[in-house]
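# Chain and residue survey
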Amino acid sequence: GKNASRRLRKRGAVPGVVYGLDRPPFPVGVGERKIEEVLGLESGRNTIFTLSLTGQDRSRAVMIKALQRDPVTERLVHVDFVRVDLARTVRVNVPVRLIGIAEGVKSDGGLLEFMHREVEVECLPSDIPEHLDLDVTGLRLNQHLSVKDLPLKERVTVLDDPEAVVCVVAVPKEE
């Protein structure tokens, strides 16, 4: 409830909920610093970690599903965790990183426009990539790379449209 959540926040904890895997949800309180540490890792929200319950011998593999932050202070207000079965596939958004400098930018004066900064993938939790690297060095003016051009590991499937443009080298317009 509201009062219990307020008391948790005063102690430096963040209220949250654990749900998923067809089991009933339950409320938790987690240290804000621990959540910020997980978010600071390169895998960020896609990090799978063990949530241990104080006073009980139970622990669960979970991922951060949603975060709420205070719009003024940027402090965490609420966290949703989803239980993860390490033997079942999950759907997550993975960031795309552009590697190199496009030839059309370097020699032709074009602008590299980044259309999709992340893509949705489906894979086992142990196979979640931290990011997908896309080499743009060969791109000339008016050329683009699509989702189908992303290099993927074996058991990783991209769920986004394969024809969706990830980046394009555009001709700059004069004012």
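The structure reproduced in this document is the subject of the present report.

Conventions we followed
- Residues numbered from 1 in each chain as written.
- Predicted model: local features only at pLDDT ≥ 70, side-chain atom pairs only at ≥ 80, totals over all residues.
- Heavy atoms only, no water.
- Helix = DSSP H or I, 4+ residues; strand = E, 2+ residues; numbered from the N terminus.
- Buried < 20%, exposed > 50% of the residue type's maximum accessible area, 1.4 Å probe, protein only.
- Contact = heavy atoms within 4.5 Å.
- Areas by Shrake-Rupley, 256 points an atom, 1.4 Å probe, with all protein chains shown as cover.
- Lys, Arg positive; Asp, Glu negative; His and termini not counted.
- Charge placed at Lys NZ, Arg CZ, Asp CG, Glu CD.
- 1 Å grid on protein atoms, 1.4 Å probe; cavity = no way out; pocket = protein on both sides within 12 Å on 5 of 7 lines; lining within 4 Å.
- Points joined across faces, edges and corners; volume = space filled by probe spheres on them.
- Salt bridge = Lys/Arg side-chain N within 4 Å of Asp/Glu carboxyl O.

Time to look at the overall build of the protein chain. Helices and strands together make up the secondary structure of the protein chain, namely three helices and 12 strands. Considering only C-alpha atoms, the protein chain reaches an extent of 65 × 40 × 20 Å along its principal axes. The 175 residues of the protein chain split such that 37% are buried. Restricting to contacts in the protein chain with at least 6 residues of sequence separation, those with at least 24 account for 61%. Surface accessibility of the protein chain: about 11,100 Å² in total, with carbon and sulfur atoms responsible for 49%. Distance from the positive charge centre (26 side chains) to the negative charge centre (27 side chains) of the protein chain: 12 Å.

This part is about the layout of surface pockets. Each pocket or cavity is described by its volume, and for the largest pocket that value is around 440 Å³. Lining the largest pocket we find 22 residues, and of these M63, I64, K65, R91 and V92 sit closest to its centre. Of all the secondary-structure elements, those providing two or more residues to the lining of the largest pocket are β4 (59-69), β5 (76-83) and β6 (90-99). Considering every element that reaches the lining of the largest pocket, the biggest residue donor is β6, with five residues.

Another point: the pattern of salt bridges. Counted according to the given criterion, the structure contains 10 salt bridges. With its nearest N and O atoms 3.5 Å apart, the salt bridge here joins D85 to R88. Its relative accessible area of 30% is what places D85 among the partly exposed residues. Looking at R88, the relative accessible area reads 45%, which means it is partly exposed. Taking the shortest distance from any N to any O, the salt bridge between K148 and E163 comes out at 3.2 Å.

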